[in-house]
Amino acid sequence: MREAAEPSSRAGRLTAAPAILMLFAWMIVPLVMTLYFSTQYYNLLYPGRTKFVGLENFTYFFTYPSFLTSIVNTLLLVGSVLVITVVFGVLISVLVDAKFPGQGIVRMLLISPFFIMPTVSALVWKNLLMNPVSGLFAWVFQLVGLTPINWFSDWPLLSIILIVAWEWLPFAILIFVTSLQSMDQEQKEAAQMDGATPVAIFRHLTLPHLARPIAVVVMVESIFLLNVFAEIFTTTGGGPGDATTNLPFLIFTQALLEFDVGAASAGGLVAVVLANLVAVFLLRLIGKSLTHA
Amino acid sequence: MKRMNPIHTALMGLGLLLGADAAGAATLTIGTVNNGDMVRMQSLAKAYEEQHPDVRLHWLVLDENTLRQRLTTDITTGGGQFDIITIGAYEAPMWGRQNWLMPLEGFSPRYDVDDLMPNVRKQLSVEGRLYALPFYSEGSITYYRTDLFAAKGLSMPAEPTWTEIRGFAEKLHDPARGVYGICLRGKAGWGENMAIITTLVNAFGGRWFDEKWEPQLDTPEWHQAVNFYVDLLSTFGPPGPSSNGFNENLTLFNAGKCAMWVDASVAGSFVTDKAQSLVPDKVGFAKAPRAVTDKGSSWLWTWALAVPSSSRQKEAAFEFIQWATSKEYGQLVAQHHGISAMPPGTRLSTYTNGEYLQKTPFALVTREAIQTANPDSPTLEPVPYTGVQFATIPEFQAIGSMVGRQLSGALAGFSRVDKVLHTSQGAVRRTMKRAGYYDQNGVPGAQR
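Each value, and the rule that gives it
- Residues numbered from 1 in each chain as written.
- Chains lettered and ligands numbered in written order.
- Predicted model: local features only at pLDDT ≥ 70, side-chain atom pairs only at ≥ 80, totals over all residues.
- Heavy atoms only, no water.
- Helix = DSSP H or I, 4+ residues; strand = E, 2+ residues; numbered from the N terminus.
- Rg over C-alpha atoms; globule rule 2.2 N^0.38 Å.
- Buried < 20%, exposed > 50% of the residue type's maximum accessible area, 1.4 Å probe, protein only.
- Lys, Arg positive; Asp, Glu negative; His and termini not counted.
- Charge placed at Lys NZ, Arg CZ, Asp CG, Glu CD.
- Contact = heavy atoms within 4.5 Å.
- Areas by Shrake-Rupley, 256 points an atom, 1.4 Å probe, with all protein chains shown as cover.
- Disulfide = S-S within 2.5 Å.
- Axes fitted to C-alpha atoms, helices over the stretch in contact; angles between N-to-C directions.
- Left-handed = near helix turned anticlockwise from the far one by under 90°.
- Nonpolar A, V, L, I, M, F, W, Y, C, P; charged D, E, K, R; others polar.
- Salt bridge = Lys/Arg side-chain N within 4 Å of Asp/Glu carboxyl O.
- Buried area = accessible area lost by both parts, 1.4 Å probe.
- Polar contact = N/O pair within 3.5 Å; in protein donor to acceptor, adjacent residues only side chain to side chain.
- Core = buried A, V, L, I, M, F, W, Y, C linked by side-chain atoms within 4.5 Å.
- Phe/Tyr/Trp six-rings, centres within 6.5 Å; stacked < 30°, edge-to-face > 60°.
- Parallel < 35°, antiparallel > 145°, perpendicular 65-115°, else oblique.

1. Considering the overall build of chain B
- Within chain B, the regular secondary structure consists of 17 helices and nine strands.
- The C-alpha radius of gyration of chain B comes to 23 Å, within 12% of the 22 Å expected for a compact globule of 448 residues.
- Across its three principal directions, the C-alpha atoms of chain B cover 65 × 60 × 55 Å.
- Buried positions account for 60% of the 448 residues belonging to chain B.
- Computed over 41 positive and 43 negative side-chain charges, the inter-centroid distance for chain B is 4 Å.

2. What about the overall build of chain A?
- A count of helical and extended segments in chain A gives 13 helices and two strands.
- Seen through its principal axes, chain A has C-alpha atoms that stretch 80 × 80 × 30 Å.
- Looking at chain A residue by residue over its 293 residues, the buried ones come to 41%.
- Long-range contacts, defined here as pairs at least 24 residues apart, represent 69% of the contacts in chain A between residues at least 6 apart.
- Of the roughly 16200 Å² of accessible surface on chain A, 74% is carried by carbon and sulfur atoms.
- Within chain A, one finds 13 positive and 15 negative side-chain charges whose respective centroids are separated by 8 Å.

3. Some words on the state of the cysteines
Residue and element names in this part refer to chain B.
- A complete count under the given rule lists one disulfide over all chains for this structure.
- Here cysteine 183 pairs with cysteine 258 through a disulfide, and the sulfurs are 2.0 Å apart. Every disulfide takes its handedness from the sign of the S-S torsion; for cysteine 183 and cysteine 258 that torsion is -85 degrees, giving left-handed. With cysteine 183 in the loop between α7 (162–172) and α8 (193–203) and cysteine 258 in the loop between α10 (246–254) and β7 (260–264), this pair connects stretches of sequence that are 75 residues apart. You'll find cysteine 183 and cysteine 258 in the same group, each marked buried.

4. Focus on the packing of helix α3 (residues 67–97) of chain A against helix α10 (residues 198–225) of chain A
Residues and elements named next belong to chain A.
- The contact between α3 and α10 brings their axes to 10 Å, and the two run at 145 degrees. Like other packed secondary-structure pairs, α3 and α10 cross with a definite hand, here right-handed. Taking contact as the criterion, the partners of Val78, Val81, Leu82, Thr85, Val86, Val90, Leu91 and Val94 in α3 are, on α10, Phe202, Thr206, Leu207, Leu210, Ile214, Val217, Val218, Glu221, Ser222 and Leu225.
- Partitioned by chemical class, the residues of the contact of α3 with α10 number 14 nonpolar, three polar and one charged.

5. Quick look at the pattern of salt bridges
Residue and element names in this part refer to chain B.
- Scanning the entire structure with this criterion turns up 23 salt bridges over all chains.
- Aspartate 114 is paired through a salt bridge with arginine 121; the nearest N and O atoms lie 3.3 Å apart.
- Residue arginine 121 is classed as partly exposed on the basis of its relative accessible area of 26%.

6. Considering the interface of chain B and chain A
- Taken together, the contact between chain B and chain A spans 33 residues of the former and 30 residues of the latter.
- Carbon and sulfur atoms make up 55% of the area that chain B and chain A hide from each other, which totals about 2700 Å².
- Sorting the residues of chain B by area buried against chain A places Arg405, Arg430 and Arg434 of chain B first, and these three jointly supply 31% of that buried surface.
- Across the chain B-chain A interface, the total number found is three salt bridges.
- Across the salt bridge formed by glutamate 56 of chain A and arginine 434 of chain B, the nearest N and O atoms sit 3.2 Å from each other.
- Summed over the shared surface of chain B and chain A, the number is ten residue pairs in polar contact (both at pLDDT 80 or more).
- Counting only elements with at least two residues in the side of chain B that touches chain A, the list comes to α3 (64–76), α16 (396–411) and α17 (417–434) of chain B.
- Looking at which element gives the most residues to the side of chain B that touches chain A, the answer is α16 of chain B, with eight residues.
- Residue classes in the side of chain B that touches chain A are distributed as eleven nonpolar, 16 polar and six charged.

7. Remarks on the nonpolar core
- Core analysis: the largest hydrophobic core is formed by 205 residues, its most contacted members being Trp95, Trp162, Trp208 and Phe320 of chain B.
- Discounting residues that sit within four places of it in the chain, tryptophan 162 of chain B has contacts with Ile182, Leu184, Ile196, Leu200, Ala203, Phe204, Phe228, Leu232, Val262, Pro289, Arg290 and Ala291 of chain B.

8. Details of the packing of aromatic side chains
Residue and element names in this part refer to chain B.
- In this structure the tally under the stated criterion is 52 aromatic pairs over all chains.
- The interplanar angle of 85 degrees and the centroid separation of 6.1 Å between the aromatic rings of tryptophan 190 and phenylalanine 396 together place this pair among those described as edge-to-face. Of the two residues, tryptophan 190 is situated in the loop between α7 and α8 and phenylalanine 396 in helix α16; the sequence distance between them amounts to 206 residues. Neither residue differs from the other here; tryptophan 190 and phenylalanine 396 are each classed as buried.
- For the pair tryptophan 301 and tryptophan 303, a centre-to-centre distance of 5.5 Å together with 85 degrees between the ring planes defines the contact as edge-to-face.

9. Topic: the packing of helix α5 (residues 118–129) of chain A against helix α8 (residues 156–181) of chain A
Residue and element names in this part refer to chain A.
- Two numbers describe how α5 lies on α8: the axes approach to 10 Å, and their chain directions differ by 130 degrees. Taken together, the axes of α5 and α8 lie oblique to each other. As α5 runs across α8, the sense of the crossing is right-handed. Contacts from Pro118, Ser121, Ala122 and Trp125 of α5 reach α8 at Ile163, Trp166 and Glu167.
- In the contact of α5 with α8, the residues fall into five nonpolar, one polar and one charged.

10. Examining unusual backbone geometry
Residues and elements named next belong to chain B.
- Residues other than glycine seldom take positive phi values, yet glutamate 127 does so here, at roughly 50 degrees.
- Secondary-structure assignment places glutamate 127 in the loop between β4 (125–126) and β5 (129–130).
- Exposure remark for glutamate 127: the relative accessible area of 79% places this residue in the exposed category.
- The backbone of tryptophan 213 shows a phi angle near 65 degrees, a positive value even though the residue is not glycine.
- Relative to the helices and strands, tryptophan 213 is located in the loop between α8 and α9 (220–236).

11. Things to note about helix α15 (residues 363–372) of chain B
- When α15 of chain B is considered as a whole, its buried residues turn out to be Ala363, Val365, Thr366, Ala369 and Ile370 of chain B.
- Residues of α15 of chain B that are buried make contact with α5 (118–123), β6 (133–145), β8 (283–287), β9 (300–306) and α14 (354–359) of chain B.

Shown next as structure tokens:
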């Protein structure tokens, strides 16, 4: 059996080789180019002056005045959106899990924001909802006699967090609602017969059941939230000051506002390392609950 | 509908990119800014296409920042996407020196190159050779509401100082009735807030660099000027000024919400246009405010059309930019949009035209702002750079955007002006050091 399997698996590997090589090149060529550019002084406006500078681009990027703020903003953004989507995601899913007329439509409406492009939803929020003069929120505020909030200049990061959370909450709801459907109804009914309150059922049955989907939501969202860019670009442009500059946006300013390819490449690599750190951390923290739960 | 094979679609897309001129007519791709005058040019250019049936114009109209990104990446990498580009007084001499632009020679006799304003022409030339033709040119001036001034018995001097402006703003600021004392640019960007801030710093006697390229941001002049600006705009300005650029302020002024506004003279034709402005006949014009000096207190900027060296249609492109910056084009604009709408600030003949002077209330103040700005000696103390509200060095883009971002944060109240200026000083010096303006020990001037 063994001898027979060996050649065919070798043949299999051989036939798969071109595809694997192709994928490898697909991945490695941009990475190597970024590595190469990160060691060069390369400013698009100075074509004749490109030269090897070792690690200078990295020290330059790390000591850039906006660097620390951008890391803090990135983590704040990811963290707050995760908390909002998980907490409200669980609560809303439990609410719409109970039978009521029009359940299908409500669920569909809850999930639909996820399918709107980030740029479009950012524009809608910026111009139709949060605009301090003509937005819906301003109108509501004026209706009750309050001064409208100047969202993007007074609470810039909060505004971005609200927009991004609005986009990702449906994703969490989608996962949680699906998972709640697989919950053991007999167990729940038994608990009710024993006189357990809805809160106790939620605390001791629903939440443990949702542990695994919560882990999935946190993992998937973290990866995507580290890259939030379109929402910031279309609303605040990273400002005022550095108030909404996250790591991707900082790299964008290096590459396309300052035309400094070297520093931008260094920043790109820093972002890769950060993303990996977050991934490892999350895997350690949550991956365990995925295997043990 | 028949579904298209994706490969077929891709090939067609490639074909469009590579050889749209295969159809016979030469297609000129024009990249330009979404400012009012250029949008007008796009509609009037139909006349050019009628006269030149062998030329088709393909327009790409973008906002200033996006256009600059597209143009810079295209031209520095020799992409060849554009035949005609809209650039400013900052790019033209630098890109000309790099041979990224076609030197302009052999004008048609009707063009009358000597009619171009000398100050403007100099901004677009390298060693006396033109690399771009001026489409319109601007200085900065003070706009004010004559009706509001009259109601309070105030009168605007022809050459106001910033202290006087502050006094007026205090008296006219009336947010309860929707009128703010002063509107100024606060949106981050070297071409947005830094334009007005640099002229303010100049007026307070400051400069970007000393003769040895040492940044001067942590000097008393900068602190005074920026603190004055932040205080003035956050006390007597509209709400959320850190998101207002030129276009936002224009909208505010046209809606009658600004008692004063210091900005580009090119807005003159928009604030006096009955179709756009609620206050077309209530606008007064004065020089840009001065402080300890009037040197560099008004900026000088020119939007110009140029032909990249990478264009494959240089002859046709050169002919088009001559048309778009000609006297005939000015006449065409006058016919369609009224004589005050003629592109301002580029041709001497515009300002000898009696009808134009009579019907255009901002003509003389514009001309003076342009003629008195001196990019070769913009500040009270000597500087190693040219340019009034920017320094014509490649690094300025990085420096200006960074400082602009920091200062917009200070304006929004996220950090203190003094701290921001101190940080910016260090950051600007780092950028300059990286670009080789100082030697290994940080001593200025060694490598240049």
